[in-house]
Every structure is written in structure tokens, then in C-alpha cells.
Amino acid sequence: MAKDAPVEKVKVIVKGREISLDPDNMKYDENNLPQYMSKEYGWIDYLGKQLEFAQRELLLAEIDAEASFSAKFMESKDAGNSDNYAKAYANSHVDVVASKRYVVDRKETVGHLKAHLSAWSKNHENAQNRGHTIRAEMKVLNRDIYETDDKDRKSTRLNSSHVALSRMPSSA
């Protein structure tokens, strides 16, 4: 697992569903590396899609917060208040505060998803490097087991020490 990977399980809400960002899903070793690599792409695809949804929710929340602020600002202005008073009134209104808190929550969700996807990316590099190292080690081990020195090999070609017993003419 990447050194700066998240170390604790985090739960976020995306599209009304709870998503668990569990760093235990990023664990692998030499014995389960192929299984890890095959499931990794599924997790990255899934979390990438959740990030898209969360970013959309964030944009919509920002639009709603701005609309809520504007409505309360206009309400105060229509009552004859100054711009500064209308701004203070709008910023302190319970609906505006709630919508801004929701924006903060959406930003936090997007941040968690980005951090988790970044950790998956770093973990992917580590897993690939480990896989390359294992293959290189296996190549060395297999070479030591299966290959022999060139001087021990006998030539398969006939050389001058072989006597030609019978040879068909090339035109036959």
C-alpha cells in the first residue's frame, strides 16, 4: 500500500448512498497480487464515477447556495435595507447557512474521493513495480534452473568431424 495512503475507513454520501472508502481494499502481497490487480480497476472505475457524481452534487449545491443567498438579499433590499444590511441578513439567514454548510459537506466528499483515488493511483504504481520485481526475480530463478552454459551444449549442426554416410544428390 502507498506510504501516504489513507489509513482509516471514511464514509461519504453520494447520491443519497453511503460509500465506504476503505484502505483495506488497497492491500496486496506477493500471493494475491494478480487478484489485487484485477479488482483494482473495478474500484478505480467505481470511485471515479462516484467522484463525478459528487462533483455534480457540489456544483448544484453551490448554485442552490447562491440562489438562496440572492433570494434573502433581495428580500432584505425590497424591505428598504442598505446593501451591507441586506448582505448581513442574507448571510445569517438559516436557509443560507444550511445551504453553505451543504456546500462544505460536498467539498469534503469530493476531497475524500480525490484523496482515495490518488492513493489508488500510487498503490497501482507500487503494485506494478512489485509485479515487475517478482517477474525479474522469477526470470533469474528460472534461468538458474533451466538454462545451461553454452560450452556444455552440443552443436546440432554437422561439422567436419562427422562423416557423411549417405547423401542424396540435390537434384534427386
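In what follows, the accompanying structure is described. (Residues numbered from 1 in each chain as written. Predicted model: local features only at pLDDT ≥ 70, side-chain atom pairs only at ≥ 80, totals over all residues. Heavy atoms only, no water.)

**Things to note about the pattern of salt bridges**
If you walk through the whole model with that rule in mind, you get 7 salt bridges. As a salt-bridge pair, Lys49 and Glu52 come within 3.3 Å of each other at their nearest N and O atoms. Remark: Glu52 and Lys49 occur in helix H1 (residues 33-78); sequence separation between them is 3 residues, near one turn of the helix. Looking at Glu52, the relative accessible area reads 45%, which means it is partly exposed. A salt bridge links Arg106 to Asp105; the shortest N-O distance between them is 2.8 Å. (Salt bridge = Lys/Arg side-chain N within 4 Å of Asp/Glu carboxyl O. Helix = DSSP H or I, 4+ residues; strand = E, 2+ residues; numbered from the N terminus. Buried < 20%, exposed > 50% of the residue type's maximum accessible area, 1.4 Å probe, protein only.)

**A closer look at the packing of aromatic side chains**
Considering all chains together, one arrives at 2 aromatic pairs under this definition. Taken together, a centroid distance of 6.2 Å and an interplanar angle of 80 degrees make the contact between Trp43 and Tyr46 edge-to-face. Placement of both Trp43 and Tyr46 in helix H1 is noted, with a separation of 3 residues, approximately one turn of the helix. Pairing Phe69 with Phe73 gives two aromatic rings, centres 6.0 Å apart and planes at 25 degrees, and the pair type is stacked. (Phe/Tyr/Trp six-rings, centres within 6.5 Å; stacked < 30°, edge-to-face > 60°.)

**Comments concerning the side chain of Ser68**
Examined against the element boundaries, Ser68 turns out to sit in helix H1. In contact with Ser68, not counting residues within four places along its chain, are Asp95, Val96 and Ser99. (Contact = heavy atoms within 4.5 Å.)

Honestly, it's all geometry; don't read function into it.
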